[in-house]
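# Analysis of the macromolecular model
Spelled out, the chains give:
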Amino acid sequence: MRYEMKRTNPILLIMLLSLMLTLASCSDEDAAIGLKLNEIQAANPDDEDWLELYNNSDEEVALAGVELRDSNRFWKFAGGKLAARAFLKVVCDGKNRAGTTNFKLSASGERLTILDNNGNKLDHLVFPALRSKTSWGRVPDGDGSWTALGNPTPGKANVAGAPADLGPQLDS
């Protein structure tokens, strides 16, 4: 009995290879889609500046390779994960120690961006000049409007209602 080997259709082979590569690239490392900038405090005389991330998804998010950028510098997470619907305070002291960024936040306002490990923009914010002890946060968390918060809430749900005299500094 004689067997013949049939030739594989090259287009079918390319499509199969493309599908395999697509599935392989959809790893946990790319699950940063739910990450949002949620609150920042840039004028804090009692402590370091900080920003808060919020995982706005129902899935745990891998942080390895996720990049934070201010107007002039960038910093990447070496690893870690953020649980679903959880908050993460990131200290922005410019010292680049474990868990802190290599940049500070400008109390006069600036731009912040968060990128996934492939360089895709997940979220961004241009925040105004803030008064001392006032944060700028989203209400509700993760997808609400940005507003001044008179009671900063790092690591917790944001609460609206900053007194008018604690709001952003407006140009005169």
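Anything mentioned here points back to the structure above.
This report concerns the structure included in the present document. (Residues numbered from 1 in each chain as written. Predicted model: local features only at pLDDT ≥ 70, side-chain atom pairs only at ≥ 80, totals over all residues. Heavy atoms only, no water.)

### Focus: the pairing of strand β9 (residues 121-127)
On a regular strand, each side chain points to the face opposite its neighbour's, so the side chains alternate between the two faces of the sheet. Here is the rule we go by: Think of it this way: DSSP has to see at least two bridges between two strands before they count as a pair. Numbering of helices and strands runs from the N terminus; a helix is a DSSP stretch of H or I covering at least four residues, while a strand is a stretch of E covering at least two.
Here strand β8 (residues 110-115) runs beside β9; their pairing, made up of six bridges, is antiparallel. Pairing of Leu-115 across the sheet is with Lys-121, part of β9. The hairpin turn running from β8 into β9, its antiparallel successor, is five residues long, and Gly-119 in that turn takes a positive phi close to 85°.

### Here we look at the pattern of salt bridges
This is how the line gets drawn: By definition, a salt bridge exists where a carboxyl oxygen of Asp or Glu is found within 4 Å of a side-chain nitrogen of Lys or Arg. Here's how the labels work: a residue is buried when its accessible area is under 20% of the maximum for its type, exposed when over 50%, partly exposed in between, all with a 1.4 Å probe on protein chains only.
The final tally for this structure, using the stated rule, is six salt bridges. Across the salt bridge formed by Arg-85 and Asp-58, the nearest N and O atoms sit 3.2 Å from each other. Taken as a pair, Arg-85 in the loop between β6 (81-82) and β7 (87-92) and Asp-58 in the loop between β2 (49-55) and β3 (61-62) lie far apart in primary sequence, 27 residues in all. We note a salt bridge from Lys-81 to Glu-60, for which the minimum N-O separation is 3.8 Å. Taken together, the residues Lys-81 in strand β6 and Glu-60 in the loop between β2 and β3 connect sequence positions 21 residues apart. The class for Lys-81 is exposed, based on a relative accessible area of 51%. The network of salt bridges with shared partners includes Glu-67, Arg-69 and Lys-76.

### Side note on the sheet that holds strand β4 (residues 67-69)
In plain terms, the rule: Axis definition: a line fitted to C-alpha atoms, limited for helices to the stretch in contact. Angles are taken between N-to-C directions and run from 0 to 180 degrees.
Read from one edge of the open sheet, four strands run β5-β4-β8-β9, paired in antiparallel fashion. In this open sheet, the two edge strands, each paired with only one partner strand, are β5 (74-76) and β9. Going from strand to strand, the sheet's axes swing by 15° on average, the running direction of each strand aside.

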